[in-house]
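Results of the structural survey
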Amino acid sequence: MKSRDDKLALIFMRERAGLSRYLSSRAGSTEDGEDLAQEAWIRFSRNGAAALKAPVPYLRRIVRNLAIDHSRASTRRRLTSLEIEDLLALPDEKPGPEQALNARSELLRLTEILAELPERRRAILIAARVEEKPHREIAEAHGVSTRTVELEIRAAIEYCSRRLSEIGPATDKNRR
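This write-up is about the structure you can find in this document. (Residues numbered from 1 in each chain as written. Predicted model: local features only at pLDDT ≥ 70, side-chain atom pairs only at ≥ 80, totals over all residues. Heavy atoms only, no water.)

**Notes on the packing of helix α8 (residues 135-142) against helix α9 (residues 146-167)**
A pair of packed helices is captured by two measures, namely the crossing angle of their axes and the spacing between those axes. One way to put it is that α8 packs onto α9 with a least axis distance of 8 Å and a crossing angle of 100 degrees. One way to sum up the angle between α8 and α9 is to call them roughly perpendicular. Contacts between α8 and α9 pair His135, Arg136, Ile138 and Ala139 from the former with Thr146, Val149, Glu150 and Ile153 from the latter. Looking at the contact of α8 with α9 residue by residue, the classes come out as 4 nonpolar, 2 polar and 2 charged. (Axes fitted to C-alpha atoms, helices over the stretch in contact; angles between N-to-C directions. Helix = DSSP H or I, 4+ residues; strand = E, 2+ residues; numbered from the N terminus. Parallel < 35°, antiparallel > 145°, perpendicular 65-115°, else oblique. Contact = heavy atoms within 4.5 Å. Nonpolar A, V, L, I, M, F, W, Y, C, P; charged D, E, K, R; others polar.)

Rendered as structure tokens:
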């Protein structure tokens, strides 16, 4: 009487050609199909006791699962070296240290300029532009018309713009 491994090997060899064709067609190449067929043999022979109960359906289930796994893996393909180089060549849009320092300096200057505004004008500008409150709500809070809110915002923006242009762009000599 043949051993269990011999029986499994005989069954596998009898089915191998059809399995290889199936796997090659699903994998897209003969080489990948052969690799998958070898993997099928490894899995089939490892689970001998379960395989001997219904060997051909068990083997075909292994092959079908391998084909599905291979298909899933190929959809998550790896990038080629050329694609990686292209991605690495993309410019970094994050500001550099100098740009970040200039932005912080300009923000500090703007904060100082805002402090120069009359209290109501500053409060209205902050409510409208920073807190994004509706003009109607700001007008009610300050006891003025919406037209007055619009005029105060315009005057505040013009004042801040003028003062920023007087000071000039953020540079090393303008930093404190």
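**Considering the environment of Glu166**
Assignment of secondary structure puts Glu166 in helix α9. Residue classification places Glu166 among the exposed residues on the basis of a relative accessible area of 52%. (Buried < 20%, exposed > 50% of the residue type's maximum accessible area, 1.4 Å probe, protein only.)

**Some thoughts on the packing of helix α1 (residues 4-27) against helix α4 (residues 55-75)**
Where α1 meets α4, the closest approach of the two axes is 10 Å, and the angle between their N-to-C directions is 20 degrees. On the basis of their axis angle, the class for α1 and α4 is roughly parallel. Seen along the crossing, α1 lies across α4 with a hand that is right-handed. Residue-level contacts link Ile11, Phe12, Glu15, Leu19, Tyr22, Leu23, Arg26 and Ala27 of α1 to Pro55, Val56, Leu59, Arg60, Val63, Arg64, Ala67 and His70 of α4. By residue class, the composition of the contact of α1 with α4 is 11 nonpolar, 1 polar and 4 charged. (Left-handed = near helix turned anticlockwise from the far one by under 90°.)

**With respect to α9**
For α9, spanning 22 residues, the distance from its first C-alpha to its last is 32 Å, which sits close to the expected 32 Å at 1.5 Å a residue. Of all the positions in α9, only Val149, Glu152, Ile153, Ala156 and Cys160 are classed as buried. Projected down its long axis, α9 carries its buried residues within an arc of 100 degrees, all on one side. Those residues of α9 that are exposed and aimed more than 90 degrees away from the buried face are Ser165 and Glu166. Among the structural elements, α6 (97-116), α7 (119-130) and α8 are those in contact with the buried residues of α9. (Expected span 1.5 Å × (residues − 1). Arc of directions from axis to C-beta.)

**Quick word on a nonpolar patch on the surface**
There is a patch of nonpolar side chains on the surface, built from Leu79, Ile84, Leu87, Leu88 and Leu90 and spanning about 520 Å² of accessible area. Inspection of the secondary structure assignment puts Leu79 in the loop between α4 and α5 (81-88). (Patch = residues over 30% accessible without salt bridge, like charges linked within 9 Å, V, L, I, M, F, W, Y side chains within 5 Å. Areas by Shrake-Rupley, 256 points an atom, 1.4 Å probe, with all protein chains shown as cover. Salt bridge = Lys/Arg side-chain N within 4 Å of Asp/Glu carboxyl O.)

**Quick word on the packing of aromatic side chains**
Aromatic rings considered in pairs are described by the distance between their centres and by the relative angle of their planes. In total, this model carries 3 aromatic pairs according to the counting rule given. Between the aromatic rings of Trp41 and Phe44, the centroid separation amounts to 6.4 Å while the plane-to-plane angle is 55 degrees, which identifies the pairing as tilted. Here Phe44 and Trp41 lie together in helix α2 (residues 30-46), a separation of 3 residues that amounts to about one turn. Of the residues examined, Trp41 reaches a relative accessible area of 28% and is grouped as partly exposed. When its relative accessible area of 0% is taken as the criterion, Phe44 is described as buried. Relative to Tyr58, the ring of Phe44 lies with its centre 6.3 Å away and its plane at 40 degrees, an arrangement referred to as tilted. You can see Phe44 sitting in helix α2 and its partner Tyr58 sitting in helix α4, a full 14 residues away along the chain. Taking the relative accessible area as the measure of exposure, Tyr58 reaches 14% and is therefore buried. (Phe/Tyr/Trp six-rings, centres within 6.5 Å; stacked < 30°, edge-to-face > 60°.)

**A word on the nonpolar core**
Judged by nonpolar contacts, the single largest core of 18 residues is most densely connected at Phe12, Leu23, Ala40, Phe44, Leu59, Ile62 and Val63. Mapped by element, the contributors of at least two residues to this core are α1, α2 and α4. By residue number, the principal contributor to this core is α4, which donates 7 residues. When sequence neighbours within four positions are dropped, the list of residues in contact with Ala40 reads Phe12, Leu59, Ile62, Val63 and Leu66. (Core = buried A, V, L, I, M, F, W, Y, C linked by side-chain atoms within 4.5 Å.)

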